[in-house]
8 protein chains.
Amino acid sequence: MFEDVLRSLASGEITIQEAEEKILSKFFERTNELMLDMERDKRQGFPEIVFALGKTKEQTIAAVEKFLERKGIAFVSGLDEEKKRELKDRFFGYVIKEAGRLVVLKRENTTLEKLNGKVGVITAGTSDVPFAEETSLILEELGVNVQKVYDAGVAGIHRSFYALSKTEDSDLLIVFAGMEGILPSLIASLTDLPVIAVPTPVGYGFGGEGLGALSTMLQTCVPGLVVVNIGNTVGAAAAAVRILRRIRKDG
Amino acid sequence: MFEDVLRSLASGEITIQEAEEKILSKFFERTNELMLDMERDKRQGFPEIVFALGKTKEQTIAAVEKFLERKGIAFVSGLDEEKKRELKDRFFGYVIKEAGRLVVLKRENTTLEKLNGKVGVITAGTSDVPFAEETSLILEELGVNVQKVYDAGVAGIHRSFYALSKTEDSDLLIVFAGMEGILPSLIASLTDLPVIAVPTPVGYGFGGEGLGALSTMLQTCVPGLVVVNIGNTVGAAAAAVRILRRIRKDG
Amino acid sequence: MFEDVLRSLASGEITIQEAEEKILSKFFERTNELMLDMERDKRQGFPEIVFALGKTKEQTIAAVEKFLERKGIAFVSGLDEEKKRELKDRFFGYVIKEAGRLVVLKRENTTLEKLNGKVGVITAGTSDVPFAEETSLILEELGVNVQKVYDAGVAGIHRSFYALSKTEDSDLLIVFAGMEGILPSLIASLTDLPVIAVPTPVGYGFGGEGLGALSTMLQTCVPGLVVVNIGNTVGAAAAAVRILRRIRKDG
Amino acid sequence: MFEDVLRSLASGEITIQEAEEKILSKFFERTNELMLDMERDKRQGFPEIVFALGKTKEQTIAAVEKFLERKGIAFVSGLDEEKKRELKDRFFGYVIKEAGRLVVLKRENTTLEKLNGKVGVITAGTSDVPFAEETSLILEELGVNVQKVYDAGVAGIHRSFYALSKTEDSDLLIVFAGMEGILPSLIASLTDLPVIAVPTPVGYGFGGEGLGALSTMLQTCVPGLVVVNIGNTVGAAAAAVRILRRIRKDG
Amino acid sequence: MFEDVLRSLASGEITIQEAEEKILSKFFERTNELMLDMERDKRQGFPEIVFALGKTKEQTIAAVEKFLERKGIAFVSGLDEEKKRELKDRFFGYVIKEAGRLVVLKRENTTLEKLNGKVGVITAGTSDVPFAEETSLILEELGVNVQKVYDAGVAGIHRSFYALSKTEDSDLLIVFAGMEGILPSLIASLTDLPVIAVPTPVGYGFGGEGLGALSTMLQTCVPGLVVVNIGNTVGAAAAAVRILRRIRKDG
Amino acid sequence: MFEDVLRSLASGEITIQEAEEKILSKFFERTNELMLDMERDKRQGFPEIVFALGKTKEQTIAAVEKFLERKGIAFVSGLDEEKKRELKDRFFGYVIKEAGRLVVLKRENTTLEKLNGKVGVITAGTSDVPFAEETSLILEELGVNVQKVYDAGVAGIHRSFYALSKTEDSDLLIVFAGMEGILPSLIASLTDLPVIAVPTPVGYGFGGEGLGALSTMLQTCVPGLVVVNIGNTVGAAAAAVRILRRIRKDG
Amino acid sequence: MFEDVLRSLASGEITIQEAEEKILSKFFERTNELMLDMERDKRQGFPEIVFALGKTKEQTIAAVEKFLERKGIAFVSGLDEEKKRELKDRFFGYVIKEAGRLVVLKRENTTLEKLNGKVGVITAGTSDVPFAEETSLILEELGVNVQKVYDAGVAGIHRSFYALSKTEDSDLLIVFAGMEGILPSLIASLTDLPVIAVPTPVGYGFGGEGLGALSTMLQTCVPGLVVVNIGNTVGAAAAAVRILRRIRKDG
Amino acid sequence: MFEDVLRSLASGEITIQEAEEKILSKFFERTNELMLDMERDKRQGFPEIVFALGKTKEQTIAAVEKFLERKGIAFVSGLDEEKKRELKDRFFGYVIKEAGRLVVLKRENTTLEKLNGKVGVITAGTSDVPFAEETSLILEELGVNVQKVYDAGVAGIHRSFYALSKTEDSDLLIVFAGMEGILPSLIASLTDLPVIAVPTPVGYGFGGEGLGALSTMLQTCVPGLVVVNIGNTVGAAAAAVRILRRIRKDG
């Protein structure tokens, strides 16, 4: 990982101590409370996304500033309405897009390197839409072609078939469902595409808050369905990107 | 419920104390450890079924004897292999039928009053079959016409449609599923028949032992699915009987 | 299901592509975020009910509009006070009824096809009443004769007997209980009618939020009790309708 | 508690160190792995009962020996069949009584001081009987008059009323139930006696292993029901003794 | 229970139908949503306490009115601050006492029949005080002598010994604890009095909301501790009353 | 999906009824208790794997026979030692391979169509090896090149780095871990490859049986990790195959 | 513990009763609802910290007053914003420091006896910072040298190595993490220092609210990691102090 | 960590590739299924202990062989009786010690570097003894002076005080408790020593299998108690060693 530094060390250009410092300074920016992971996109193939939940307004803004300065773009997830407003006020003049509890801020004309690929994004119900929109926005910012079909739950099974027919030329599918969480299994049983299941915190009573959906997705009889945590829209996008990158590399 | 006794009391035929005793003696047989509910079939429309789990061999046999003597027939559920053998040895010469962990014993030529009706019994997997067989055996002993379709799970959705097509002329459906427990919801979304969902204790990991199936069935987006406890095959049969009785009464 | 279309296809009236489109267009209305299931009542014998929980104001209103336009009536469940007010404002002039978190809106003079039948609706406590009212309102809109007895919990067992005596000429009973959830079992032990148990999210401490009631109902020793999820008032109504339809068909 | 020792200390009869030793030696016997609480009966009004679960054969026998030597009687709970056999072999010649997983061993002619009082012991099912027998045996050894009524569950409610009528002249009731655990609440709603509820580990599926019964008993709508842990038969006996002692003291 | 009515029936004074009506009308007052249990105090030895949680303002006031009219006193539990204010406004002029979320309202000069007895009420922490105060207020209204010692938790064990020394002449002890819930076990290990343990919903993290305290109390090694649900202050009072009544009856 | 049949119908070659039958017969083989999904590999890109858990010996053998006859190869998972022996006896003469609880049986010279691709299979501990071996055997039978590194857990972090260095030229990684389940997150943080996490049922105490590992994997801070159920080795293999198929298609 | 008093008793200086009173009065201050543990610092080596959660404003202020009067310093934890403000208003003029939900109040020039030692405080994320700050503030008030490194989570593993390098000359480490809670295990695997893991209530979905982090820390494969409850910042500080005191004593 | 290697690299003695290999080869021995962590004792101050649970006989023996060869001593935990026998047979002639499910094997005359220090090991009950013995054996092998007091549970509180008096001159205490798990808190409230709490899987019903004990220990009101997982005897020993090492270093 640090091959170049080691080489410099080996060639005597730098001291051992300098080597260590170089490695560290190369990788992160520090404030008192934040160590941002500026090169995460290089390492994991996915940009670091600021997770605002539990952060103060000041911490969130500081993180966004650092990213805008270094990368020209910042992704922030887990925002409530108040924090969203504060970001918009503070970064007035930037290009700002939002979906669900996610916001993307960028300097005019900043674009990320385009990632070719097509992803089908399907939801079981209307309440799952904000979650699907978060995942879609991230993917679209990375240049992915997203095909959305919403409210395709199994209570009206013709809607599910319709959803599949509209997305079956994708590279992979991401299927969102709360309540009993059946849809991802049904879709996966009808296709050989990779299918990522995202349980949403929709539901009540026994198995509510997405736990019923999660257990349905984990217990699935359909081999090959993979799952992320309840409401983990960022994780779903990142998993898609990992797969797309591998497809493109090979293609 | 005790109208005749009250009438006798009112007419002075019996004393208050005699009235009380009459009511009690009419309803149950007592041994030291058992108070059997001989007239449960009159009251709830369904015979008392001896639940052998946790009972000793002696308690189980004593209960069966009482029922055979009074009713000519005894149902015993929750039997392990050893207790089954003991029952068969002890009641050699009786007509004995078994399914899963359930046994029915009867005196030659004993038949219960026939209950007209047709019930579709569907399972998602092969592992659910012993559970479905228990419910079916009870229903068949009561004279119900049972149409069975097994291994119709949603991993191959054409099998599910096939199952429905074979049972859609029933009065009601009973659908068994373990693992993620999707099948009852799918079936219920395609029919207007009453559908009773029975989670089976099949599965592993998170949501294993039938809990995933149970939460799927309770969280269902399809209105009108009703549920019994994990593995409660007797309850499913009894619910079916309650509905069939009401249908026939009205017909 | 699509027999007529297949026939048209077989007779050469339409192309394969047209057939597919016809089937799809016949079944649902689409907006960007909603695929409403307009013919669910035909298929499942129960109208689609808009589940407002997690939907935005705009999504909810759009759904109601579609239903009013096509069916003249819309059911909306899971409404908080604010969304209720918005619906009433927006659909001023329509006939509006409400119970608990449920609202029914209809054009003057719209009535659904009457479903004959009588249902007993019983609650254990006063806190269960809003739930029972939701189920009752749906059933009454469908033309069912509902007999209500409230606050009949087992802490004063004479009240429970009274409740049964007032409802035992029904086609089926729906019994609501929170806390320890005993009442449905007690009622079911005394009648041969179908009994649907609805746990309500009333209770606190261990087994609170309805979980204690749910486990009581699932673990019941009384055979034939069936259960829906905690607070699933729509499911209980739909299950009742499935049974009533079957009774009437046969009658 | 140590008033006499303090007095001796104050009067100069003993040194501070002697005082400390006296206090300690007075209270317990020590082996390497056991510190038996010989005077627990004086302090808590209930004899120490050896809890054999998790103890080795040697540990169990050592404890019994100490108690027999000092008190002439030993109670051992939580025994499996093998350990029971070992105890009987080892203590051949002693008076031995057993119930469920409990054994009482005593030297001929040993009797504990008689505790006057009458306790009604009721079970919901036959599977609860071994648990009730454990509690009863302890109470009877302490001289309490125990009135037992078994298999009185609410599935046949007349049996429950019968049970109460047979025990309502007791000082208090102990009611055992597994499955949905309704019976203690029903009994408590009909009497003003103290009622101790004991959930038993009988049941399956959701709320199985006694958890459903426990939550029913804790969530009860009937004020004044008190609960011990699932299968805690010793605790129920001890609670009864605490109450009886207080009643007698006052009487 | 209905001996007098049965006697009238037997003597021909009344018809069977009249008997039934008499029994029912004697026992309860009905409004549309409430069936109050006016004679519960006779049957269970404890007044019915209106549980306001989940009831509307109107339902709560209606219940209070009925009780004030018939009994001159009303107990209401589970009140939030807003409902408390409404009650005080509506019943201005009545004697009103409150503790925690409980309110007692009575007509001037109404007193319940005095129940002799002394109860020690102990809390582990200061946060448990409002719960202890609820139980105490009920007991004091019933005439019981309550000795309170608060903040006696085991983190400073001398406080616990002090608490016991102040209450050991009581008829029974009620001990409140949240967090790890140790105190009731410690107290019970040092006394032979009946001890009722009340877990309070104080705590956080794993075992928070009182679940840790509950499991500590149920798992206790000290025989004879009995438990009510988390925060069930009314149940603790009622259990105390059941025991006190039995003590006094005998005395 | 049924385009050819619809075409035949449109062209009048077959009747509507024949069309339906053709579709059904084409897809599955039926015995009384099994409906095998012979063409699942076509639809989902992965062969149906017989899940032996809960199946009787006879059911398992019948399933294997059908697959051997039609496909020349059968995969059976969830086998205990006894069932494994029975299969080996019954199918003596066939090529048999096994790993963990999985067995593959095939007719001499049967090979599946080769799926190009390279998968890194990593375990945290030695106890996870049997699970990893199951997944590897399936993949190898499908022609995938599997690179295994075992016992690379984070307690010795150099082992983890070593594991990654040996597998980073794969198309994707599958990482197995029980206990606290850290390894998949660590690996995923250091690579941009797709990473599938498989929790194994290794561990004890709180979070034992794999639940701790599962929650670690779902809660991961590293974006893009996807998860299957505890011990779901077949699901992991199938997910890998879905991704590999998509990569190859594109390549 | 009470050696001096016993000596006085032995020497006849005081009566038995006086001895008892002396012991009690020495140890605590009483108000009606509080028994403060003034000498806890002597006994446990750590000052009593007022836990404000669940206490009223009046109770909190009363406790603070007592401590300020007797010790010149008061620690209060579990404060919400409103209570913080009230404390600052009421104790205007005192030295006040705050961190997270903790406040320290002291009279000018009050300092506690200095505890030598160096503690490394590390957090995985920014959201964990307020928790780490609480622990740090307590330690710093006690004179401990605290070295903080924040946002060092494993998603960017170089940050974790950096954190260790900055703190490895400490006496012990305290590591805070929410979400999947990996960091403490990683740190502990690389050092032989004592490591205290503090799960924070950061996270969502399955294993949210800190439960996933807790189970990771308990299930750790790295021997020697010790854990406190979710968010128990006071407990972590106190554990550190216990260890530091022992180190210093020995040094 | 790799300073010497880096130096060699810097000085040109070795190539970059050699450096990497050196680092890796230095740290571990590899077989196909095992990567043993030979230098863990250097890094974490505690020897690697083979965790036999889930390992095959062959895997376990292979691990032991490697350790005996390299270190002259091997620790194996999580052994059942059968595996213990196999180890003893296979390594006949070696010095073998065992406690609970732990075995230590060493070549004659092998001794580890002595770690000075004194640890008090206390158990609440007799059933906790095997767990305490495991921890003690590890510590004693490392040269630690262990003072044991067993069966000191709080049901007889004088036993607890006795236990503390016997161990209060230790460097730290390790306290084992199952059931309600009170003892560690009580001990910690009376001493300023570091206290490590080990919940044992002793208990039944709600909070059984050690969960009740765990939650008691985590919820403790006594600041400074630290906890390891249920039954984690190795973790407790390792935590003690980390603390002792730090104390000695400083001393």
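Just so it is clear, the structure is predicted and the values come from calculations on it, not from any experiment.

S.K.: Help me understand the overall build of chain A, please; the structure alone is not making it clear to me.
M.R.: A count of helical and extended segments in chain A gives ten helices and eleven strands. In chain A, which comprises 251 residues, the share counted as buried stands at 63%. Put simply, of all contacts in chain A between residues at least 6 apart along the chain, 62% involve residues at least 24 apart.

S.K.: Where do I start with helix H4 (residues 57–71) of chain H in this structure?
M.R.: Since the α-helix turns once every 3.6 residues, residues separated by three or four places project in the same direction. Under the 1.5 Å per step criterion, the end-to-end length of H4(H) is 21 Å for 15 residues, consistent within 8% with the ideal 21 Å. Phi turns positive, to about 80 degrees, at H:Gly72, one or two residues after H4(H).

S.K.: Help me out: how do you make sense of the interface of chain D and chain E in this one?
M.R.: Accessible area lost upon the coming together of the parts is a frequently used measure of interface size. In this complex, chain D contributes 34 residues to the contact, which on the side of chain E involves 34 residues. If you list the elements that add at least two residues to the side of chain D that touches chain E, you get helix H3 (40–44), strand S11 (225–227) and helix H10 (233–250) of chain D. Tallying contributions element by element places H10(D) first for the side of chain D that touches chain E, with eleven residues. Among the residues forming the side of chain D that touches chain E, the class breakdown is 19 nonpolar, eight polar and seven charged.

S.K.: Help me understand the relation of the copies chain D and chain E in this model?
M.R.: Copy one and copy two of the chain differ by a rotation about an axis and a translation along that axis. With an RMSD of 0.0 Å, chain D superimposes on chain E once it is rotated by 180 degrees and translated 0.0 Å along the axis. Both chain copies can therefore be described as sitting about a two-fold axis. By residue overlap, the copies meet face to face through one surface: 100% of the interface positions of chain D are interface positions in chain E.

S.K.: Just checking my understanding: could you explain the UniProt feature "domain: PurE" (unreviewed entry) in chain A for this structure?
M.R.: The feature "domain: PurE" (unreviewed entry), as annotated in UniProt, sits at residues 117–249 of chain A in this numbering. Segment residues 117–249 of chain A splits into 42% helix and 19% strand. End C-alpha atoms: 11 Å apart.

S.K.: How should I be thinking about the pairing of strand S7 (residues 118–123) of chain E in this particular structure?
M.R.: For a regular strand, side-chain orientation follows a simple rule: the groups alternate between the two sheet faces. Residues and elements named next belong to chain E. For S7, the buried fraction is high: five of the six residues fall into the buried class. Of the pairings in the sheet, the one linking S7 to strand S8 (residues 145–149) comprises five bridges and is parallel in character. Residue pairing in the sheet places Val119 in a bridge with Val146 of S8. You can see the chain leave S7, run along helix H6 (residues 129–141) and come back into S8, and the turn it takes is right-handed.

S.K.: Help me understand the environment of A:Ala132, please; the structure alone is not making it clear to me.
M.R.: Residue and element names in this part refer to chain A. Assignment of secondary structure puts Ala132 in helix H6 (residues 129–141). Taking the C-alpha atoms as reference points, Ala132 and Phe67, separated by 65 residues in sequence, lie 25 Å from one another. Among residues more than four places away in sequence, those in contact with Ala132 are Val121, Thr123, Lys148, Tyr150 and Phe176.

S.K.: For this particular structure, what's the right way to read the pairing of strand S4 (residues 73–77) of chain A?
M.R.: Residue and element names in this part refer to chain A. Across the five residues that make up S4, a large majority, four, are buried. When strand S3 (residues 50–51) meets S4, the two strands line up parallel, connected through two bridges. What sits directly across from Phe51, in S4, is Ser77. A crossover links S3 with its parallel partner S4, the connecting element being helix H4 (residues 57–71), and its sense is right-handed. Two strands pair when backbone bridges link them, and S4 and strand S6 (residues 102–106) are joined in this way by four bridges, in the antiparallel orientation. From the neighbouring strand, Ile73 faces S6, where its bridge partner is Lys106.

S.K.: How do you make sense of the sheet that holds strand S6 (residues 102–106) of chain H when you look at a structure like this?
M.R.: Residues and elements named next belong to chain H. With mixed pairing, four strands are arranged side by side in an open sheet as S3-S4-S6-S5. Each edge of the sheet is formed by a strand with only one pairing partner; in this case those strands are strand S3 (50–51) and strand S5 (95–99). Against the sheet, H4 makes contact with S3, strand S4 (73–77) and S6, and its axis sits at roughly 150 degrees relative to S4, the strand it touches most. Where helix H5 (residues 81–90) meets the sheet, its contacts fall on S4, S5 and S6, and the angle it forms with S6 comes to roughly 10 degrees.

S.K.: Is there a simple way to think about unusual backbone geometry in this case?
M.R.: Positive phi, close to 65 degrees, is recorded for E:Asp151, a residue that is not glycine. With respect to the secondary-structure elements, E:Asp151 resides in the loop between S8 and helix H7 (157–167). If you check the backbone angles, F:Asn109 has positive phi at about 75 degrees while not being a glycine. When you line up the elements, F:Asn109 lands in the loop between strand S6 (102–106) and strand S7 (118–123). For F:Asn109, a count of 7 C-beta atoms within 10 Å gives the class exposed.

S.K.: Is there a simple way to think about the confidence of the model for chain A in this case?
M.R.: Low pLDDT marks stretches whose predicted atomic positions should not be read closely. Residue and element names in this part refer to chain A. Taken as a whole, chain A shows an average pLDDT of 86; of its residues, 87% reach a score of 70 or greater. The low-confidence segment residues 24–31, where pLDDT is below 50, has 16 contacts with residues more than four positions distant or belonging to other chains. Both scores are given for the predicted complex: the pTM is 0.87, the ipTM 0.87.

S.K.: Would you explain H4(A) in this entry?
M.R.: All names here are of chain A. Within the span of H4, buried status applies to Thr60, Ala63, Val64 and Phe67. The buried residues of H4 occupy one face: seen down the axis, they fall within an arc of 100 degrees. Away from its buried face, by an angle of more than 90 degrees, H4 presents the exposed residues Glu58 and Glu69.

Cut-offs applied
- Residues numbered from 1 in each chain as written.
- Chains lettered and ligands numbered in written order.
- Predicted model: local features only at pLDDT ≥ 70, side-chain atom pairs only at ≥ 80, totals over all residues.
- Helix = DSSP H or I, 4+ residues; strand = E, 2+ residues; numbered from the N terminus.
- Buried ≥ 20, exposed ≤ 12 C-beta atoms within 10 Å, placed from the backbone.
- Contact = placed C-beta atoms within 7 Å.
- Expected span 1.5 Å × (residues − 1).
- Nonpolar A, V, L, I, M, F, W, Y, C, P; charged D, E, K, R; others polar.
- Least-squares fit on C-alpha atoms with pLDDT ≥ 70 in both.
- UniProt positions renumbered as here; feature names shortened; annotations may be inferred.
- Pairing = 2+ DSSP bridges.
- Right-handed = clockwise from strand over helix to strand, strands pointing away.
- Axes fitted to C-alpha atoms, helices over the stretch in contact; angles between N-to-C directions.
- pLDDT = per-residue confidence, 0-100.
- Arc of directions from axis to C-beta.

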